Amino acid sequence: MNKVYKFFLACIVGIFLLLGLKSILLGGKEIAEANTFYLYNWGDYIDPELLDKFEEETGFNVVMETFDSNEAMITKIKQKSTDFDICIPSEYAVEMMRDQGLLEKLDHSKIEGLSNIDERFLDREYDPGNEYSIPYLWGTFGILYNTKKYQASDFDSWKNLWDPKFEGEILSFDGARETMGIGLLANNLSLNTEDPKKLTEIRNELIGLMGNVKAILADEIRMYMALEEANVGLTFSGDASSAIESNEDLSYVIPKEGSNIWFDTMVIPKTSKNKKAAYAFINFMLEPENAAQNADYIWYATPNKKAMDLIDSEARNDKTLYPDDEIINKLEVFKALDKESTILYNDLFLDLKISPQAE
C-alpha cells in the first residue's frame, strides 16, 4: 500500500512540475512576443541602421519580412500567418485594406510628430483625416530620358511617346495602373477611370505605343538607363534620381497633362499583437533625424517637412524628387478600384504585354 501511495504521490508531483514548466515556457513566450516587433516592408526600403537604432532605443527586437507588391502584402495579411505590427502599403492599398477590415484605426493621442508631416500630404483622399495611415515616403511617375539624344520638349506631352522616332527606345514600367495611366493621361482622362468602354479604347491606343517599347521592366529600368542601354524610361522619381546620380546625361520630366503622385504609408494591421511597438515605430520614423536618414538611404522624397533641412542638400534641391507646387498640383493619386475594374485593368495590361508590338 505504501508503494502505491508513493507512486500516486510521484505522479501528482510530476503533473504539477509539468504544469509549472508549461507555465514558465508560455510566460517566456509571452515575454518574447511582447518584446518583438514585426515589420512588413518593401525590399530595401528602410535604412538597416535605423532598425538597429530602433532596437537600441526601445528594446524591441525587430523581425522584418519583405513583399514585392501591394497585392501580395494584402494576401498575406489576410492569411494571418504572421502577426505583423506595421506594414507599408501604397495609398490605394490603404483604401482596400480599410474597406476589407484589415486595419486598426489609429489612436492619434499615441502619435508624436504628426505635425512634422507637410500639410500637403495629410488628409488625402485615400485616407481622410489620416485615420488609418501615416505618410512614409512619396514620389511621382514620369519620363527619364538621355539628354544626349532628346530634350525636354520631346516629352512635352504623354502623346509624344507614340512618335515613331522612339521605336525600340522605351523601357516601360511593368504595372497595369501606370501603363493604362499613360493612355488615360494622353487623353486627358482621370487615372481612376472605370468606364469599361473607355478603358478598352485606351488599351487599343496603347497597342501603338507598345511598338516603341524595347522592354517592359520594373526596378531594372534605372540600371539600364544609367548604362545607356535605352534612351527613354517610364519610371518613378526615386529610381530616376538614382539613375541621374549615376549618369549626369539623364534627366526626368513630367508631361503637361500631369501624372501620378504616390504615397507609401505606415499602417497597423489587425494582425498586430504589439501595438505598443507599432506606435513606437511610427513615432520613431516621424522624428526628423530618422526621416532624413531614411530618405537619404532610399533616395526617395520624405513627407516630413522638418526633415528637409537635414537631408542631403543634393536631394533637397533635386526637382526630380521634390517638384514645384505647379507640378504637384497637376498630379493625381491612384484610388482603389472596385473588383471588376481591377480585373479589367489587369486583363487589358496583360493583352498589351502579349501583343505582337510588345514582343
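Residues numbered from 1 in each chain as written. Predicted model: local features only at pLDDT ≥ 70, side-chain atom pairs only at ≥ 80, totals over all residues. Heavy atoms only, no water.

Within an unreviewed UniProt entry, the label attached to the chain reads Extracellular solute-binding protein family 1, and the organism entered is Anaerococcus prevotii. Here is the UniProt Subcellular location (unreviewed entry) comment for the chain, exactly as written: "Periplasm". (UniProt positions renumbered as here; feature names shortened; annotations may be inferred.)

Let us look at helix α13 (residues 339-354). Under the 1.5 Å per step criterion, the end-to-end length of α13 is 23 Å for 16 residues, consistent within 8% with the ideal 22 Å. When α13 is considered as a whole, its buried residues turn out to be Ser 341, Tyr 345, Leu 348, Phe 349 and Leu 352. Buried residues of α13, viewed axially, fall in a sector of 100°; they line one side. Exposed residues pointing more than 90 degrees away from the buried face of α13 are listed as Lys 339, Glu 340 and Ile 354. Residues of α13 that are buried make contact with β5 (170-173), α5 (176-186), α6 (196-210) and β6 (213-217). (Helix = DSSP H or I, 4+ residues; strand = E, 2+ residues; numbered from the N terminus. Expected span 1.5 Å × (residues − 1). Buried < 20%, exposed > 50% of the residue type's maximum accessible area, 1.4 Å probe, protein only. Arc of directions from axis to C-beta. Contact = heavy atoms within 4.5 Å.)

Moving on, we come to the packing of aromatic side chains. What the rule picks out here adds up to 24 aromatic pairs. Centre to centre, the rings of Phe 54 and Phe 281 are 5.5 Å apart; their planes meet at 85°, and the pair counts as edge-to-face. Remark: Phe 281 occurs in helix α9 (residues 275-286) and Phe 54 occurs in helix α2 (residues 48-58); sequence separation between them is 227 residues. Look at Phe 54 and you get buried, because its relative accessible area is 0%. By the ring-pair criterion, three or more aromatic residues cluster together here, those being Tyr 45, Tyr 136, Phe 141, Trp 158, Phe 173, Phe 236, Trp 262 and Tyr 300. Sitting over the face of the ring of Tyr 345, Arg 177 holds its NZ or CZ atom 5.4 Å from the ring centroid. (Phe/Tyr/Trp six-rings, centres within 6.5 Å; stacked < 30°, edge-to-face > 60°. Lys NZ or Arg CZ within 6 Å of the ring centre and 35° of its normal.)

What follows covers helix α8 (residues 237-246). Among the ten residues of α8, seven are classified as buried, and the element is accordingly described as predominantly covered. Along α8, the positions that sit buried rather than exposed are Ser 237, Gly 238, Asp 239, Ala 240, Ser 241, Ser 242 and Ala 243. If you follow the buried residues of α8, they end up packed against β4 (134-146), α7 (220-226), β7 (232-236) and β8 (250-253).

Glancing now at the pairing of strand β1 (residues 36-42). In terms of burial, β1 is a largely internal element, seven of the seven residues being buried. Pairing analysis gives seven bridges linking β1 to strand β2 (residues 61-67), with the strands arranged parallel. Considered in β2, the bridge of Phe 37 is made with Val 62. As for the winding sense of the linkage, the β-α-β connection from β1 through α2 to β2 is right-handed. (Pairing = 2+ DSSP bridges. Right-handed = clockwise from strand over helix to strand, strands pointing away.)

Strand order across the open sheet formed by three strands is β2-β1-β3, with parallel pairing between neighbours. The open sheet is flanked by β2 and β3 (86-87), the only strands paired with a single partner. As defined by bridge partners, β1 adjoins β3 across two bridges and the pair is classed as parallel. Following the sheet pairing, Tyr 40 is matched in β3 by Cys 87. Helix-sheet contacts for α2 involve β1 and β2, and the interaxial angle to β2 is about 150°. (Axes fitted to C-alpha atoms, helices over the stretch in contact; angles between N-to-C directions.)

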